[in-house]
Number of protein chains: 2
Amino acid sequence: MIRFAVIGHLAHTAGDFSLSDMPGGAGRLDILCRCVNTSLFLSHGMRRDVEVYLVLLGQPDPPKTILFSGERVRYLSPDERSAGSLIKKALALPAGDEFRESTPGVYIRKGGLPDLVTGFPFARLDESGTDVRTAPALPENYLLSDHLNMTEEETILAGALPVYSVGPRSLHADHTITVLLNELDRRAL
Amino acid sequence: MIRFAVIGHLAHTAGDFSLSDMPGGAGRLDILCRCVNTSLFLSHGMRRDVEVYLVLLGQPDPPKTILFSGERVRYLSPDERSAGSLIKKALALPAGDEFRESTPGVYIRKGGLPDLVTGFPFARLDESGTDVRTAPALPENYLLSDHLNMTEEETILAGALPVYSVGPRSLHADHTITVLLNELDRRAL
């Protein structure tokens, strides 16, 4: 299983946002929606072996984590509004400590990065890391940030994680995921 | 200059569509918006050396071509609605045979693929092509299709073009652009 966790530092944590204002009122939720797209969509079908964890840290009720399972997800189309609509439905439910399914293959729970990094051995992605093309082996779990850098607390949590790079330019999180999956696709042959 | 041309077989050709229904009423215009995003955005800034040509073939007034210039574009954010809004403004103008600027760095004209392929030596992208990682040199201009395969007429127009592949899986057009730009970024160093 390949896992991507994306931190949404300002991402809204209630289901009352407008799907027509995800960059604004929903706290750059558009970025997380694009990460769902690039993680899960192939030209004909879904990447069934990928899970995406969205760590939502914005107001009014942080932290919350939403999981999209490539194996189980339904009613998801590639456009941003489609992922946003499923996130909105998940956020409309009361969240507890355990993942609860909101729509098929989409789950929500309270909690953020500390709960995630204890569950899986994540790697970070940064231009300073080991080039994914030349690394002898690649990890299964990757941690990314939205348009904001990691906070000091997050850096401490992630500080001991191995670091990989997808290339010489600093890319958006969703583009980084695409390049990484291309490398994994090539190695899977 | 790097150029991407993306064919939108059903993409609406008037400015009267809803930004909240780009996959439906606007004829999968969401795909073209994501191609604008992946072609032009870096984490900090724009790819000033890239141009994107959107070939719109849907009703009511096909064909039309919209050009986004990475060097000149303004008022563009990464979300789909932002690109959609600039496309809508371009389509609201009367289009002639020459490109006309609708907002800074966005241009529209009548005409489709035949006009484009005579202007630039395009290459096609397809899994059957030469791997972009091993090709001794890479072209500057690439032709992609939306969720539909090329028509017979388009295949004839594009039949003599060289074919390149970004990897073993069939990817969405926007993801293909991301992988290709990563290869070009690595070669530019």
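Reading guide: rules and limits
- Residues numbered from 1 in each chain as written.
- Chains lettered and ligands numbered in written order.
- Predicted model: local features only at pLDDT ≥ 70, side-chain atom pairs only at ≥ 80, totals over all residues.
- Heavy atoms only, no water.
- Salt bridge = Lys/Arg side-chain N within 4 Å of Asp/Glu carboxyl O.
- Helix = DSSP H or I, 4+ residues; strand = E, 2+ residues; numbered from the N terminus.
- Buried < 20%, exposed > 50% of the residue type's maximum accessible area, 1.4 Å probe, protein only.
- Phe/Tyr/Trp six-rings, centres within 6.5 Å; stacked < 30°, edge-to-face > 60°.
- Lys NZ or Arg CZ within 6 Å of the ring centre and 35° of its normal.

### A closer look at the pattern of salt bridges
Pairs can form between side chains of opposite charge once their charged atoms are near each other.
Here is step 1 of the chain: Using the criterion set out here, one finds 24 salt bridges over all chains in the structure.
Here is step 2 of the chain: Ionic pairing is found between A:D61 and A:K110, a salt bridge with its closest N-O pair at 3.4 Å. On the criterion of sequence distance, the pair formed by A:D61 in the loop between β4 (50-56) and β5 (64-69) and A:K110 in strand β7 (residues 106-110) is long-range, its members being 49 residues apart.
Here is step 3 of the chain: Residue classification places A:D61 among the partly exposed positions, given a relative accessible area of 31%.
Here is step 4 of the chain: Overall, A:K110 belongs to the partly exposed group, its relative accessible area being 32%.
Here is step 5 of the chain: For B:R28, the salt bridge goes to B:D30, with nearest N and O atoms at 3.0 Å. Here the two residues B:R28 and B:D30 agree in accessibility, since each one is buried.

### Digging into unusual backbone geometry
All names here are of chain A.
Here is step 1 of the chain: Backbone torsion omega between Q59 and P60 reads 5 degrees, so that peptide bond is classified as cis.
Here is step 2 of the chain: Note that P60 resides in the loop between β4 and β5.
Here is step 3 of the chain: The backbone phi angle of Y75 is positive, close to 65 degrees, even though this residue is not glycine.
Here is step 4 of the chain: Within the secondary structure, Y75 sits in the loop between β5 and α2 (80-91).
Here is step 5 of the chain: Here Y75 falls in the exposed class, since its relative accessible area comes to 57%.

### Overview of the packing of aromatic side chains
All names here are of chain A.
Here is step 1 of the chain: For the coordinates displayed, the defined rule picks out eight aromatic pairs over all chains.
Here is step 2 of the chain: Relative to F122, the ring of F120 has its centre 6.2 Å away and its plane inclined at 85 degrees; by these criteria the two rings are edge-to-face.
Here is step 3 of the chain: One aromatic cluster is present, formed by Y53, F99, F120 and F122 through successive ring pairs.
Here is step 4 of the chain: Taking NZ or CZ as reference, K88 lies 5.1 Å from the ring centre of F17, over its face.

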